Structures are given as C-alpha cells and as structure tokens.
Amino acid sequence: MDTASEAEIREQTTQRLEKAMGTFGTAALTRMEEQLPWFRRMPAEQRSWIGLVAQAGIAAFVEWFKNEEKTRPAIAGEVFGTAPRELLRAIKLQHTIDMVRVIIDVVETRLDELAAPGGEAQLREAILRYTRDVAFGAAQVYARAAETRAAWDARLEALVVNAVLRGEVDDGMHSWAAALGWTSKPVTVIAGLTPEDEEPEVTIDQMQLAARRARADVLAGVQGRRVIVIVGGDTDPMEAARPIAAKCGPGPVVVGPQVPDLYDSTRSAQAAVAGLRAAAGWPDAPRPVPATELLPERALDGDDDARRHLVENVYNPMLAAGAPLLDTLTTYLEQGSSLEATARLLFVHPNTVRYRLRRVTELTGLAPTDGRNAFTLRIALVLGRFENRR
C-alpha cells in the first residue's frame, strides 16, 4: 500500500467516524451504566460531567486520527479540559481508567463498520496509541492535582502548627486540622532540630512516615532550624517521640506533656519549645527528654510556667508540711548530701533525716539522694523563697 492510498483510507475512515460520533457518547454512557457500579452510584450532575468528558474524548480521538502525528493536539487538554475541577475530587484515577476503557471498547465493537475497506489495522493501531496517550494524559492531570493538594496541605499544616505555638487555638484552627483529617486525641507536642542540609519538606515527610509506622497521627512544621511535631493518639508520649527523634537533626528533642485534645495543645507546645531552648543547660539530657525533666533549666532560662510549677508543686507542699522539712532538705543539700553532717547540724538522729528526706520524695516525687533531683529541689527552694520573701 503506497502513501497516497494510506492517506485516502485515513480520510474515508475519518468521515465514517465523524458521522458516527454523535452516537458514541450515548453508547458509552449506557455501557458504563451497565458495567461500572461506581458510575451508577454517582449523582446525576456528576454523571452528566462524565458524559461531557466521554464526548470530548471521542471527538478528540477523531481529531487526533485525522491529523498527522506531528500536528496532533495534546490529549490531556482536549479530553480532560472539559471536566470541572470537582470531578477530579469525585473520580479516582482508577475510575478514569475504567471510563476510558469502556469508551474505547465502544469504538472497537464497531471497528469493522467504522474503518474504510483496508483500514482496519490502521484504525486499530490508532486506537491503541490513542488509549496509551489518554492514559498518560490522565496520569499527568491527577499528578498535577495531587501536587497542588499536597502543597495546599503543607501550607495548611504549617498554619495549624503556627496557631498552636501562638496560642490561637480556636474553632477556625480546628477547621484547618479537620480539613487535614485530624481527629486524634490526646495530643503531645515534640520540639527538635532539623537535620543539616536537608529540605524541610523531606524532614516532615520522614517524620510522618515514621509516625504512621508507629500508628500515630502527626502535624509538623519547620521554623528555621526548629521542627515542631504535634502527635495525636492514645500512645505513650515517649514511645511516640522515639521514631520522630530518630528523624531529627543533632541536638535535643523535647517532649511536651500530654494534653486532652488540640484545644489544650498550646500548653504542651510551649513546654516543649521552652525545653528545647533551655536544653543547652543539660548537655547530657536523654534524647528524647520530657519537658518536665528540664524544669530547672527552663526556670533559669526565664520560663514562667516552669517557675510556677516548681513553686506550686515542689516548694509549697514542703512548706505546708512544716519548717523542719525545709530546714532538713536545705541543710542536706548544703552539706553535700551527707546524712551524718546534716544530723549533727540539726541535732537530730540520722534516721530522722532519712525519714524527712523520704517525706520530701513523697510530697514532690523528687528524691534528694538523686543528683539530678537534688538540683531540681535546690532550684525550687530558691524560687519558693523568692515568692515568699515579702
């Protein structure tokens, strides 16, 4: 077959396709109604949109077949440009593939009558190539939509994290979180540092992947070198923090206290951020470390919440228990944690000192015999005296 005869056959086949084109859309919708359960469940408006896409796809195929390869139009624009954006949210990529397959089947069932004599192979090859191009076009459309949605979600996620840090936890912020699919409670906020020479998006993706493996929900945001992660789910905060800490850069990772829900998350976030800032005062702190373990450093760094906690929950209970308890603790700390020296200075038996130190532990949860706890108790004593100096 020479080139002239191929062109003539193509022209004759094109004319047949153009005459039959009006019936293809209806036939395709009827076939989809019969074969695709998801199509039958759709509202009438969305089915009409699909009808427009089907008709556009058939018209685009005729135009595509008529033109030479170098002048053929872009498939994605011709087929999917007729669909409103709402259709991308209503129809999955798999549904789009099903729809294209049905439309092509409708054309193929009439291939013998549509192709000019001798043009059956030519039309069949054109259908196969067009189907391939449509598949690539659909993938591009959905990929662009996914990128747009991912970028929007990232911005929304950053807004939620910023609102939590600023204390602007209102119904509007909850709407943003709900748009991201957030329903988890209770909540813990974790603060750390980003890895060096790593893009913020990569850091967040790694943390979200680690959280999903640990069956926890996360919202994360990067601010300079600081990364803030909101963790939701009924899991132990320290257990949830470990896989996230593994994705942070060198330096401390601080875990705020667990709070009932997102409305209370600012309290956890402020404690975590204050702990991250003050962690330089405890170079050997574990990683991750609870913000409550950094209370003395936070207090020295000017954190009012930490100071208030040490006064109300450490100093005041000892004060209420009586002056001998405070005197014993003060003397014990000043004498280098020596029971005998404390007993001599207070003119009491060493067992009396032991008893009073146990009472301190019972009231505060801090054992004076532990070096780290002794440091916390000493800071609490100083802050408590400041509060009571008047």
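In what follows, the structure referred to is the one given above.
Residues numbered from 1 in each chain as written. Predicted model: local features only at pLDDT ≥ 70, side-chain atom pairs only at ≥ 80, totals over all residues. Heavy atoms only, no water.

With that settled, the discussion passes to the overall build of the protein chain. Per the secondary structure count, the protein chain includes 18 helices and 5 strands. Counting all 390 residues of the protein chain, 44% fall into the buried class. At a minimum sequence separation of 6, the contacts of the protein chain that also span at least 24 residues come to 68%. Total accessible area on the protein chain stands at roughly 20600 Å², and carbon and sulfur atoms take up 51% of it. (Helix = DSSP H or I, 4+ residues; strand = E, 2+ residues; numbered from the N terminus. Buried < 20%, exposed > 50% of the residue type's maximum accessible area, 1.4 Å probe, protein only. Contact = heavy atoms within 4.5 Å. Areas by Shrake-Rupley, 256 points an atom, 1.4 Å probe, with all protein chains shown as cover.)

Let us look at the pairing of strand β1 (residues 187-193). A large share of β1 lies buried, amounting to 7 of its 7 residues. Going residue by residue along β1, you find Val187, Val189, Ala191 and Leu193 tucked away on one face and Thr188, Ile190 and Gly192 tucked away on the opposite face as well. With 2 bridges joining them, β1 and strand β4 (residues 254-255) adopt antiparallel strand pairing. Each bridged residue has a counterpart across the sheet, and for alanine 191 the counterpart in β4 is valine 254. (Pairing = 2+ DSSP bridges.)

Let us look at the side chain of serine 265. For serine 265, the position within the fold is in helix α12 (residues 265-278). Residue class for serine 265 comes out buried when judged on its relative accessible area of 0%. Those residues in contact with serine 265, other than ones at most four positions away along the chain, are Val164, Val169, Val187, Val189 and Val259.

Turning next to the nonpolar core. Within the largest apolar cluster, 33 residues are counted, with the highest numbers of intra-cluster contacts made by Met32, Phe61 and Leu123. Among the secondary structure elements, those contributing two or more residues to this core are α1 (3-35), α2 (37-40), α3 (44-66), α6 (93-109), α7 (111-114) and α8 (120-166). Counting residues per element, this core draws most heavily on α3, at 9 residues. If you look at the next biggest cluster of nonpolar residues, it comprises 28 residues, including Val160, Met173, Leu219 and Leu276. (Core = buried A, V, L, I, M, F, W, Y, C linked by side-chain atoms within 4.5 Å.)

Turning to helix α17 (residues 350-364), a few remarks are in order. Helix length check: α17, at 15 residues, gives a terminal C-alpha distance of 21 Å against a target of 21 Å (1.5 Å per residue), a fit within 8%. Listed as buried for α17 are Val353, Leu357, Val360 and Thr364. Take α17 and look down its axis: the buried residues cluster within an arc of 50 degrees, on one side only. Residues of α17 that are buried sit in contact with α14 (304-321), α15 (323-334), α16 (339-346) and α18 (371-387). (Expected span 1.5 Å × (residues − 1). Arc of directions from axis to C-beta.)

For the rest of this paragraph, the subject is the environment of leucine 339. Along the chain, leucine 339 falls in helix α16. By relative accessible area, leucine 339 is classed as buried at 18%. Considered as a pair, leucine 339 and proline 350 are 11 residues apart in the sequence and their alpha carbons are 6.0 Å apart. Not counting chain neighbours up to four residues away, the residues in contact with leucine 339 comprise Tyr332, Val353, Arg354 and Leu357.

Taken in spatial order, the 5 strands line up as β2-β3-β1-β4-β5 in an open sheet, and their pairing is mixed. Looking at which strands have only one partner, the edges of the open sheet turn out to be β2 (217-223) and β5 (289-290). α12 contacts β1, β3 (226-232) and β4 of the sheet and is inclined by roughly 25 degrees relative to β1. (Axes fitted to C-alpha atoms, helices over the stretch in contact; angles between N-to-C directions.)

Time to look at the pairing of β2. Two strands pair when backbone bridges link them, and β2 and β3 are joined in this way by 7 bridges, in the antiparallel orientation. Following the sheet pairing, aspartate 217 is matched in β3 by glycine 232. Between β2 and β3, which pair antiparallel and follow one another directly, the connecting turn spans 2 residues, one of which, glycine 224, has a positive phi of 65 degrees.

Attention shifts here to the side chain of threonine 14. Mapped onto the elements, threonine 14 comes out in helix α1. Contacts of threonine 14, omitting those with residues within four sequence positions, involve Val62, Phe65 and Lys66.

Relative orientation of the contacting elements α14 and α17 amounts to 130 degrees, with a least axis distance of 9 Å. Looking at the two axes, α14 sits oblique to α17. Here α14 runs over α17; the crossing is right-handed. The residues of α17 that touch α14, namely those facing Asn313, Val314, Pro317, Met318 and Ala321, are Val360, Leu363 and Thr364. Its residues placed into classes, the contact of α14 with α17 shows 6 nonpolar, 2 polar and no charged. (Parallel < 35°, antiparallel > 145°, perpendicular 65-115°, else oblique. Left-handed = near helix turned anticlockwise from the far one by under 90°. Nonpolar A, V, L, I, M, F, W, Y, C, P; charged D, E, K, R; others polar.)

On to α16. An α-helical segment advances 3.6 residues per turn. Residues three or four places apart therefore align on the same side. The complete set of buried residues in α16 reads Leu339, Ala341, Thr342 and Ala343. Buried positions along α16 lie against α15 and α17. Among the residues of α16, the N-terminal cap falls to serine 338, whose side-chain oxygen and the backbone nitrogen of alanine 341 are separated by 3.2 Å. (Polar contact = N/O pair within 3.5 Å; in protein donor to acceptor, adjacent residues only side chain to side chain.)

The subject of this paragraph is a negative patch on the surface. A cluster of like negative charges, contributed by Glu198, Glu199, Glu201 and Asp205, occupies part of the molecular surface. Tracing the backbone through its elements, the reader meets glutamate 201 in helix α10 (residues 200-213). (Patch = residues over 30% accessible without salt bridge, like charges linked within 9 Å, V, L, I, M, F, W, Y side chains within 5 Å. Salt bridge = Lys/Arg side-chain N within 4 Å of Asp/Glu carboxyl O. Lys, Arg positive; Asp, Glu negative; His and termini not counted. Charge placed at Lys NZ, Arg CZ, Asp CG, Glu CD.)

Any functional reading would require information that these geometric values do not contain.
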